[in-house]
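The lines below spell out each chain.
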Amino acid sequence: MMGSSKREAILNTAETLFYQYGFHSIGLKKIITEADVAIMTLYNHFSSKEELVLEVLKKRELYYWNLVRPQHRDPDNWDIEDVMEGHFMWLIEKGDIGCIFLRALEEYRGRSEAIEKLIMDHKQAFTAYLREVLAQNNRSPELCLHIHTIAEGSTSMAEIIGPEKAIKVARELLKSIKK
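Residues numbered from 1 in each chain as written. Predicted model: local features only at pLDDT ≥ 70, side-chain atom pairs only at ≥ 80, totals over all residues. Heavy atoms only, no water.

### Section: the environment of Glu 106
Then step 1. Checked against the element boundaries, Glu 106 lands in helix 6 (residues 100–108).
Then step 2. Separated by 21 residues in sequence, Glu 106 and Glu 85 place their C-alpha atoms 27 Å apart. (Helix = DSSP H or I, 4+ residues; strand = E, 2+ residues; numbered from the N terminus.)

Structure below.
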């Protein structure tokens, strides 16, 4: 493993462990053991556990944005269905384990301003993006909160009823607000 691959191993391992066990219950020792790196390697890439958490969230955010911003279409022709299909792809891949942003918010609210800000900025950026896509399609920007709620609700329900059923219900709800 070279430098950046060790960083990726740490990020991937940390994300998996944070999803499985939560943020506060996982220590750096467990992460370095699972990632098969030395503690100094971790500190060469991340100055603290908080920085590691921030980088895990940023990596997840980039991945999510790549799904919900359709790569195959001109940005001027994006529509809500494209955005939601990207969200549904994420649900199929990771939907049974929930939203890492909301999990982090539960554990870090009032404890880390930087983590809380990153999470709130991410959620607000998604709402703004929905509003923008709706406006491009001459649809009421007020629908963005409805659609964001469908996205968040489908994420939550995917943990309970499974991604496929949550996606089916979300698609039905989207059809009902298109009328």
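### Things to note about a nonpolar patch on the surface
Then step 1. A contiguous nonpolar surface patch, about 420 Å² in accessible area, is contributed by Met 157, Ile 160, Ile 161, Val 169 and Leu 173.
Then step 2. Of all the secondary-structure elements, those providing two or more residues to the nonpolar patch are helix 8 (143–161) and helix 9 (163–178).
Then step 3. The greatest single-element share of the nonpolar patch, amounting to three residues, is contributed by helix 8.
Then step 4. For Met 157, a relative accessible area of 35% gives the class partly exposed. (Patch = residues over 30% accessible without salt bridge, like charges linked within 9 Å, V, L, I, M, F, W, Y side chains within 5 Å. Areas by Shrake-Rupley, 256 points an atom, 1.4 Å probe, with all protein chains shown as cover. Salt bridge = Lys/Arg side-chain N within 4 Å of Asp/Glu carboxyl O. Buried < 20%, exposed > 50% of the residue type's maximum accessible area, 1.4 Å probe, protein only.)

### Re the pattern of salt bridges
Then step 1. In this structure the tally under the stated criterion is ten salt bridges.
Then step 2. In this structure, Asp 121 engages Lys 117 in a salt bridge whose closest nitrogen and oxygen atoms are separated by 2.6 Å. Note that Asp 121 and Lys 117 are positioned in helix 7 (residues 113–136) at a spacing of four residues, about one turn of the helix.
Then step 3. Bridged by salt links that share partners, the residues Arg 7, Glu 55 and Lys 58 form one connected network.

### Some details on the packing of aromatic side chains
Then step 1. According to the stated counting rule, one finds six aromatic pairs in the structure shown.
Then step 2. Ring centres 6.1 Å apart and planes at 85° place the aromatic pair Tyr 64 and Trp 90 in the edge-to-face group. Here the residue Tyr 64 occupies a position in helix 4 (residues 49–68), and Trp 90 occupies one in helix 5 (residues 80–94), the gap between them amounting to 26 residues. The residues Tyr 64 and Trp 90 share a single accessibility class, namely buried.
Then step 3. On the basis of an interplanar angle of 80° and a centroid distance of 5.4 Å, the ring pair of Trp 65 and Tyr 129 is categorised as edge-to-face. (Phe/Tyr/Trp six-rings, centres within 6.5 Å; stacked < 30°, edge-to-face > 60°.)

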